[in-house]
Amino acid sequence: MNFILLAGLLSLSPVLLFGQSFFIGKFRSMKQSGTGVLIRAENANVLIRYYSPAVIRIRIDKEISAADFSYAVIAKPEAGDFKVSETVEKIVLRTDSLQMEIRKDPIRIQIKNMKGRILSEDYAPFGTGWQGSEITCYRKLFPDEKFIGLGEKTGNLDRRGGKYEMWNSDIPAYASNADPLYVSIPFFMGIHDSLTYGIFLDNSSRTKFDFAASTDNLFSRFSVAEGELNYYFFGSSSVAGILKDYTWLTGRTPLPPYWSLGFQQCRWSYFPDTEVLDIARQFRAKKIPCDMIYLDIDYMDAYKIFTWNPKGFADPKTLIAELNSMGFHVATIVDPGIKVEPGYFAYDEGLKNDYFVKYPDGVRYIGSVWPGRCHFPDFTRDAVRQWWGASFKHLVDPGVEGFWNDMNEPSAWGQNIPEIVQFDFDGHGASMKQAHNVYGFNMSRATFEGTKNLLKGKRPFVLTRAGYAGIQRYSAVWTGDNVASDEHMLLSARMVNSLGLSGLSFTGPDMGGFIETPSKELFIRWLSMGVYTPFFRNHAAKGTNRKEPWSLGEGVEESSVKLISQRYRLLPYIYSAFYSSSQTGLPVARSLAINYTNDDKIWWWKYQEEYLFGDNLLIAPVSCTQDFARVYLPDGGWYRLSSGEFFEGKQEVNVEAPTDDLPVFAKASGIIPMQSVIQNTSEKPSDTLDLHIYAGTITSFYVYYEDDGQTYNYENGVFFKRVIRYDPSMKTIAIGKAEGSYGSRYSKIRLILHAFRDIKTLNINGSRVSVVTSKPGTISAVLPFNTSETVIHFE
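Given the structure is predicted, the values throughout are model-derived calculations rather than measurements.

Q: Got a minute to help me understand the overall build of the chain in this structure?
A: In terms of regular secondary structure, the chain is built from 13 helices and 54 strands. Relative to its length of 795 residues, the chain is compact, with a C-alpha radius of gyration of 27 Å against a globular reference of 28 Å. In terms of overall dimensions, the chain has a C-alpha envelope of 85 × 70 × 50 Å along the principal axes. A buried classification covers 63% of the 795 residues belonging to the chain. Restricting the contact set of the chain to residue pairs at least 6 apart, pairs at least 24 apart contribute 69%. When the 84 basic and 88 acidic side-chain charges of the chain are each reduced to a single mean position, those positions are 3 Å apart.

Have a look at this one:
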């Protein structure tokens, strides 16, 4: 090419260059309507809408559609202070928290906090542009910028240097750098110069994120394959604040059934029903706590959904009643494919009512999965969701309470469902290009809504492999078909933490690895990590060795009893953490990036798996081959949970790491409620709640929460909540007056004070009480757990 011509082209505003590529171009006009502004430019329009002081929505397309639909977003724009001003060069939009400047020639967007510091801005040379139907937003990259989130992704805590795609995919035995996987959550946070911001790209088509993977650190970018560039900008001053706003927008994890937080046992497959009963009896005989048993695909008649195998599970109601009598709840797997078989009720009903997805010519799509040739329900249609949910009567009537949604990416053999397949999309119409990533979301939604109705006031447990942003409203998520290896165990910690950074609290891997057989050491180590993971399931694939806790050889059963019992001791703490998550959006498993964002060492690769479990426990995952571990402890003080040994924070420490004693630390000033060991959650614990408090120098608050764990009565005030305050400067512990009308499980508290070395007296509401010294510096006292405020003074 003539170099003079090329130089001339590059000097032009970058519009309509190189074939189909073009950019927004220059400002043409602006129209304000309430708390929104529509900007018309040369080649596209930009619609900006105020949602809250720290949340602004930005829509960019050639023409902004009047249709405005999202499966993810449930919040409505709030009323608020939204000011618009204009000069010759720019438009300025202000909220109480943010300032957005829109340069006119060409259109470029910059967002600052109210101190005038830039949170994020377009990359000046490009801004937003098109290549064919794909729209890409190019963002300025700050020298120290880090990126976190994007949900279920492999790789490092800091996403910088990586590129990622959102397209739900069934990838068994996925590699440690595989992408994409089963769940698509196009939400990330950026961190630079001690500032934070978030971006949620709400477009369910294939989206991509490139955090300077191959741009020589010039810019980052995100793009949509189809439809408009529709993103929400979050400008809160902390990661926790952004998560609170993001989950305000997309919803929070509701309180799960209490029993779903216990130990869960699964295998592909327990067959027939006598084997299921034998497994349950062995758990009880061996005193290994457990609350749930799963039935994998072989419980069905020829893998047909909503059926029971007439030979292996001829009387499911009697089977489940016997399991219930032993304190077990039952979950069954459900897949979306409906076998093409005249006479099979689900096929006949779906065909009669036109519930299955089709090609554009009206021919019903057929894909092959476990039952053989199958049609697939259109879960983006309300009538189909209602039908699907009501069909669970075939499982609920015999007593099933847990519903495990699998193969819902959607997956079919060959994994290449044509993109021209059509969906209703709740009246908006769409192809597989837009519906693919929300298929599992809507299947899980239909499952949750239907089973909630059928269970008549009881909470269902719903689990899914696939999902989209907002899935936390309906379902727990597990991280798919993993492998029994140290690499996958450590990867699972990062994946669970990343899901937590994306609004999901009830998450976890198949403990011990689904594919292949773990060594004894790996099983015990992974079990010890599972104790401190929200979703706690042991699962194994067909063809692998048995993986029940008593099946892996000498010593494993004893370690399993010890570790799983610790999970059950911690249930009051774990349930309170889920309550907190339901109110604030903070996950139960919290990457250290939430609380210690600006501590450089939490980002180091060797410490990036560490996380907080609830408010006050720090978990340091360690491979099963290590007897010692190097751990980083962030700011504050930390006590080894198993020994009580104290460590100052902001330092790296070497600690022992026996296979069944994962490095777990209690935070100084931390408050941790525990109960007696029970074999399942239907068994009543002792009447005494152990309230562990670890000496520290800062005042701490803890919200303790109970309800019946089964129903939705808590929504009408039937709960028990108390705020506990530890103030070391005033030498007091205050247990606030009980809120709610529910009566606690416990009538007494055993106050256990760790490292309170100089205490001579303990007064409760002005009365001196006797104390017991269990070891130097640790004292305990028993007091009534009534509903009135209790103030404990220590001298």
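Q: For this particular structure, what's the right way to read the pairing of strand 18 (residues 207–210)?
A: Put simply, side chains in a regular strand alternate between the two faces of the sheet. Examined bridge by bridge, strand 14 (residues 163–166) and strand 18 share four bridges and lie antiparallel to one another. Paired with Y164 across the two strands is F209, which belongs to strand 18. Where strand 18 lies against strand 19 (residues 219–224), four bridges are found, and the strand directions are antiparallel. Bridge pairing links K208 to S223 in strand 19.

Q: Is there a simple way to explain helix 12 (residues 571–584) in this structure?
A: Side chains three or four residues apart in an α-helix point the same way, a direct result of the helix having 3.6 residues per turn. Between its first and last C-alpha, helix 12 extends 20 Å over 14 residues, near the 20 Å set by a 1.5 Å rise per residue. In terms of residue burial, helix 12 counts as a mostly covered element, since 12 of its 14 residues are buried. Residues L571, P572, Y573, I574, Y575, S576, A577, F578, Y579, S580, S581 and S582 constitute the buried set of helix 12. Backbone geometry just after helix 12 places G585 at a positive phi near 85°.

Q: Help me out: how do you make sense of the nonpolar core in this one?
A: In terms of nonpolar packing, the biggest core is built from 216 residues, with F200, L323, W388, Y532 and L617 touching the most fellow members. The leading source of residues in this core is helix 8 (residues 432–454), at eight residues. Not counting the four nearest positions on each side in its chain, L323 is found in contact with V276, L277, A280, I293, F328 and V330. I91, L93, W130 and Y231 belong to the second-largest nonpolar core, a separate cluster that totals 44 residues.

Q: Teacher, can you tell me more about the pattern of salt bridges here?
A: Enumeration according to the criterion identifies 47 salt bridges in this entry. In this structure, K304 and D301 form a salt bridge, with 3.9 Å as the shortest nitrogen-oxygen distance. Classification of D301 as partly exposed rests on a relative accessible area of 28%. Put simply, D170, D406, E409, R465 and D481 are held in one network by salt bridges that share partners.

Q: Explanation requested: the pairing of strand 11 (residues 128–131) in the structure shown.
A: The pairing of strand 1 (residues 21–23) with strand 11 spans three bridges and is antiparallel. In the sheet register, F22 faces strand 11, and the bridge partner there is W130. As consecutive antiparallel partners, strand 11 and strand 12 (residues 134–140) are separated by two residues, and within that stretch G132 has a phi angle of approximately 65°, a positive value.

Q: Got a minute to help me understand a nonpolar patch on the surface in this structure?
A: A grouping of F701, V703 and V723 is seen on the molecular surface, where their side chains present a nonpolar patch of about 250 Å² in accessible area. Note on placement: V703 falls in strand 46 (residues 700–706). Of the residues examined, V703 reaches a relative accessible area of 33% and is grouped as partly exposed.

Q: Which parts of the structure should I look at to understand the sheet that holds strand 8 (residues 98–104)?
A: The strands that make up a sheet are held in pairs by hydrogen bonds between backbone atoms, and each pair lies either parallel or antiparallel. With antiparallel pairing, the five strands of this open sheet are ordered in space as 6-7-8-9-10. Of all the strands in the sheet, just strand 6 (83–86) and strand 10 (118–121) have a single pairing partner and so form its edges. For this sheet, the mean angle separating the axes of adjacent strands, direction not counted, is 15°.

Q: I would appreciate a short explanation of the packing of aromatic side chains in the present structure.
A: Aromatic ring pairs are reported here in terms of the distance separating the ring centres and the angle at which the planes meet. For the structure on display, the rule yields 78 aromatic pairs. Aromatic pair W268 and W370: ring centres 5.6 Å apart, planes at 70°, arrangement edge-to-face. Separated by 102 residues along the polypeptide, W268 in the loop between strand 21 (264–265) and helix 3 (273–285) and W370 in the loop between strand 25 (367–369) and strand 26 (372–375) bring together distant segments of the chain. Aromatic rings pair up to connect F147, Y164, F188, Y197, F209, F211, F222, Y231 and F233 into one cluster. A cation over an aromatic ring shows up here: R284 above the ring of F328, its NZ or CZ 3.9 Å from the ring centre. Sitting over the face of the ring of Y712, K452 holds its NZ or CZ atom 4.4 Å from the ring centroid.

The rules behind the values
Residues numbered from 1 in each chain as written. Predicted model: local features only at pLDDT ≥ 70, side-chain atom pairs only at ≥ 80, totals over all residues. Heavy atoms only, no water. Helix = DSSP H or I, 4+ residues; strand = E, 2+ residues; numbered from the N terminus. Rg over C-alpha atoms; globule rule 2.2 N^0.38 Å. Buried < 20%, exposed > 50% of the residue type's maximum accessible area, 1.4 Å probe, protein only. Contact = heavy atoms within 4.5 Å. Lys, Arg positive; Asp, Glu negative; His and termini not counted. Charge placed at Lys NZ, Arg CZ, Asp CG, Glu CD. Pairing = 2+ DSSP bridges. Expected span 1.5 Å × (residues − 1). Core = buried A, V, L, I, M, F, W, Y, C linked by side-chain atoms within 4.5 Å. Salt bridge = Lys/Arg side-chain N within 4 Å of Asp/Glu carboxyl O. Patch = residues over 30% accessible without salt bridge, like charges linked within 9 Å, V, L, I, M, F, W, Y side chains within 5 Å. Areas by Shrake-Rupley, 256 points an atom, 1.4 Å probe, with all protein chains shown as cover. Axes fitted to C-alpha atoms, helices over the stretch in contact; angles between N-to-C directions. Phe/Tyr/Trp six-rings, centres within 6.5 Å; stacked < 30°, edge-to-face > 60°. Lys NZ or Arg CZ within 6 Å of the ring centre and 35° of its normal.

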